[in-house]
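Descriptive structure summary
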Amino acid sequence: MRRMTAVLAFLAVAVLAGGVAGAAEKPTAGLRYASLTPDQKQVVFCYRGDVWVAPVDGKGPALRLTLHEAQDTLPRVSPDGSTVAFSSVRNGNYDIFTVPITGGR
């Protein structure tokens, strides 16, 4: 749990806020439900109702996996690390959806 908290803190500082110096002054709030890939090189998380993936080491951009007006939440990475399952209210109730971890439909 501590490792996950550290990963989220690092993401808030280095990936989404646009740089370490500026982010230290204004940390990103709202990062939720983190899930590491099996190789622990990437983290999948929710931010502002969408699912994102980013490298744990912060050396690279965060990739938005979902873009929808409905709330996407609770992402989990498949055991082989190729797919992300998440819950969304796109159809009026919470259903399970999947998306490739590299993005796409």
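Just so it is clear, the model here is predicted, and its values are computed rather than measured.

Definitions and cut-offs
- Residues numbered from 1 in each chain as written.
- Predicted model: local features only at pLDDT ≥ 70, side-chain atom pairs only at ≥ 80, totals over all residues.
- Heavy atoms only, no water.
- Pairing = 2+ DSSP bridges.
- Helix = DSSP H or I, 4+ residues; strand = E, 2+ residues; numbered from the N terminus.
- Contact = heavy atoms within 4.5 Å.
- Salt bridge = Lys/Arg side-chain N within 4 Å of Asp/Glu carboxyl O.
- Buried < 20%, exposed > 50% of the residue type's maximum accessible area, 1.4 Å probe, protein only.
- Phe/Tyr/Trp six-rings, centres within 6.5 Å; stacked < 30°, edge-to-face > 60°.

1. Some words on the sheet that holds strand β1 (residues 31-36)
Taken in spatial order, the 4 strands make up an open sheet running β1-β2-β3-β4, and their pairing is antiparallel. The sheet is open, and its two borders are formed by β1 and β4 (63-64), each paired with just one other strand. With 2 bridges joining them, strand β3 (residues 50-55) and β4 adopt antiparallel strand pairing. Within β4, the residue paired with Val53 across the bridge is Leu63.

2. Points about the side chain of Thr73
Among the structural elements, Thr73 can be located in strand β5 (residues 72-77). Residues within four places of Thr73 in sequence aside, it is in contact with Tyr33, Cys46, Phe86, Ser87 and Tyr94.

3. Topic: the pattern of salt bridges
Two side chains bearing opposite charge may form a pair once their charged atoms approach each other closely. Tallied over the full model, the rule gives 2 salt bridges. Note that Arg90 is salt-bridged to Asp72, the shortest N-O span being 3.0 Å. Of this pair, Arg90 sits in the loop between β6 (83-88) and β7 (95-100) while Asp72 sits in strand β5; the two residues are 18 residues apart in sequence, bridging distant segments of the chain. According to the relative accessible area criterion, Arg90 is partly exposed, its value standing at 28%.

4. Description of the packing of aromatic side chains
Scanning the model with the defined rule gives 2 aromatic pairs in all. Look at Tyr47 and Trp52: their rings are 6.4 Å apart centre to centre, the planes differ by 70 degrees, and that puts the pair in the edge-to-face class. Classification of Trp52 by relative accessible area gives buried; the value is 12%. Aromatic pair Phe86 and Phe97: ring centres 5.8 Å apart, planes at 20 degrees, arrangement stacked. Here the residue Phe86 occupies a position in strand β6, and Phe97 occupies one in strand β7, the gap between them amounting to 11 residues. A relative accessible area of 3% means that Phe86 is categorised as buried.

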